[in-house]
Amino acid sequence: LDPALLPGRNRDTSVERNLRLFENMRMGMYDEGTYTLRLKMDFESANPNMYDLVAYRIKYVPHPHAGKGWCIYPAYDWTHGICDSLERIDYSCCTLEFETRREPYYWILWALDMYRPNVYEMSRLNIEYTVLSKSWLIKLVDNNHVRGWDDPRMPTISGLRRRGYTKDILNNFCNDLG
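Residues numbered from 1 in each chain as written. Predicted model: local features only at pLDDT ≥ 70, side-chain atom pairs only at ≥ 80, totals over all residues. Heavy atoms only, no water.

Asks: What am I meant to see in helix H2 (residues 76-86) here?
Replies: Each α-helix turn comprises 3.6 residues. Residues three or four places apart therefore point the same way. Turning to H2, its buried residues number three or more, namely Asp77, Trp78, His80, Gly81, Ile82, Asp84 and Ser85. Those residues of H2 that are buried lie in contact with strand E2 (54-58), strand E3 (72-74), strand E4 (91-95) and helix H3 (102-111). Arginine 88 sits one or two residues past H2 and shows a positive phi near 55°. (Buried < 20%, exposed > 50% of the residue type's maximum accessible area, 1.4 Å probe, protein only. Helix = DSSP H or I, 4+ residues; strand = E, 2+ residues; numbered from the N terminus. Contact = heavy atoms within 4.5 Å.)

Structure, rendered in structure tokens:
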């Protein structure tokens, strides 16, 4: 990272100016990619994910619910922890490539004084001849190829339980994997 570029030249912009810019972003007054709303985080951190993450960006694509009337979209790193907190998730589990994202996840929730779920990172599990991708499993459910997430053919906890696997069997399987 080029120290001459970081932190950005607008990092110390006033709250009033930022609110004005954000409102202009929301009203569609800027081209896509010209402005973002960033979080003022920690440039002294050894974790680059703490360097003022993007919270909102401009994208001129129709919103699934609001249609063409919306042109700012929240970034994943900004919304992930907030959604987990609002939904009162106990455990947020993700794969190892997100391990460095745990610090900003907790920082955002701390800054907003919100409930903080436990976060765990783990290696991805692959089982031969078994679809594990959530996007593919959603298609199976949405297209009625299975009766729901608890269908015994689904590789979900509820599907496996309906298939007859006990919690002890599932826990032993996980423990054996490490």
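Asks: Mind showing me how you'd approach the packing of aromatic side chains here?
Replies: Describing an aromatic ring pair means giving the distance of the ring centres and the angle of the ring planes. Summed over the entire model, instances satisfying the criterion amount to seven aromatic pairs. Taking 4.1 Å as the distance between ring centres and 35° as the angle between the ring planes, the aromatic pair formed by tyrosine 30 and tyrosine 35 counts as tilted. Both rings, one in phenylalanine 43 and one in tyrosine 51, keep their centres 5.0 Å apart while their planes meet at 20°; by these two values the pair is stacked. Accessibility expressed as a relative area gives 19% for phenylalanine 43, which makes it buried. Taking the ring centre of tyrosine 115 as reference, the NZ or CZ of arginine 88 above it sits at 3.9 Å. Between lysine 139 and the ring centre of tryptophan 136, over which it is positioned, the NZ or CZ distance is 4.6 Å. (Phe/Tyr/Trp six-rings, centres within 6.5 Å; stacked < 30°, edge-to-face > 60°. Lys NZ or Arg CZ within 6 Å of the ring centre and 35° of its normal.)

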